[in-house]
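What follows is each chain in one-letter form.
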Amino acid sequence: MPTDINSGAFVNGAFLNAVIAGIIGTNFPGHVVTTQQFRFPNRCHLHREVAFSVRVEELRKIVTVSYESKQDDRTVFEGTAKLFALKT
C-alpha cells in the first residue's frame, strides 16, 4: 500500500473541461457552447503542472475553437467546441 495518499492520484476530467470552459468564457463573453467534442488520451496526474491552450479555428457567425491540455509534453485533454453569440 502506498504511503503517500496522493500517489497515483489523477485529476477528474470534468475539472479539466471546466478550466477550458473558463478560458473560452473569458475570451468569448456572450457566447454559448452549442457543441463540444473531446477526449482524454492520457491521465492527468495530481500535483503536476498542466498547460492549457485554446485556438480559434474559424471565426464566423458560429466560432469554432480547438483546445488542448498538456502535462509533461503529453496531451491529457483535447477537443473542439462551436460557440454561438447571443444577441444582446
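The residue count restarts for each chain, going from 1 along the sequence in the order it is written. Predicted model: local features are reported for residues with pLDDT of at least 70 only, side-chain atom pairs are reported and counted for 80 or more only, and whole-chain, interface and lining totals are derived from all residues. Only heavy atoms go into the side-chain values, all of them from the structure, while hydrogens and water stay out.

By the naming in an unreviewed UniProt entry, the protein chain is MaoC-like domain-containing protein, taken from Anopheles darlingi.

### Digging into the nonpolar core
We define a nonpolar core as any set of buried Ala, Val, Leu, Ile, Met, Phe, Trp, Tyr and Cys residues linked to one another through side-chain atoms lying within 4.5 Å. A simple rule labels every residue: compare its accessible area, found with a 1.4 Å probe on the protein chains alone, to the largest value its type can have, and call it buried under 20%, exposed over 50%, or partly exposed in between. Counting 13 residues, the largest nonpolar core has Leu16, Ile24, Phe28, Val65, Tyr67, Phe77 and Leu83 as its most contacted members. Helix and strand definitions follow DSSP, with helices as H or I runs of at least four residues and strands as E runs of at least two, each counted in order from the N terminus. The set of elements that each furnish at least two residues to this core consists of α1 (13-27), β3 (62-71) and β4 (74-85). The leading source of residues in this core is β4, at four residues. In this analysis, two residues are considered to be in contact whenever any of their non-hydrogen atoms come within 4.5 Å of each other. Once you skip the residues sitting within four places of it in the chain, Leu16 turns out to touch Val11, Phe40, Cys44, Phe52, Val76 and Phe77.

### Section: the packing of aromatic side chains
By convention, a stacked pair of Phe, Tyr or Trp rings (six-membered ring in the case of Trp) has centres within 6.5 Å and planes under 30 degrees apart, an edge-to-face pair has planes over 60 apart, and any other such pair is tilted. Evaluation of the coordinates by the stated rule reveals four aromatic pairs. Between Phe38 and Phe40, the ring centres sit 5.5 Å apart and the planes meet at 75°, which makes this aromatic pair edge-to-face. Overall, Phe38 belongs to the partly exposed group, its relative accessible area being 40%. The partly exposed category is assigned to Phe40, whose relative accessible area is 39%. Residues Tyr67 and Phe77 carry aromatic rings whose centres are separated by 5.4 Å and whose planes lie at 40° to one another, so their mutual orientation is tilted. With Tyr67 in strand β3 and Phe77 in strand β4, the pair connects residues that are ten residues apart, well separated along the chain. Of the two residues examined, Tyr67 and Phe77, each falls in the buried class. Positioned above the aromatic ring of Phe10, the side-chain terminus of Arg43 is 4.1 Å from the ring centre. Working rule: Lys NZ or Arg CZ, within 6 Å of ring centre, within 35 degrees of ring normal, means a charge sits over the ring.

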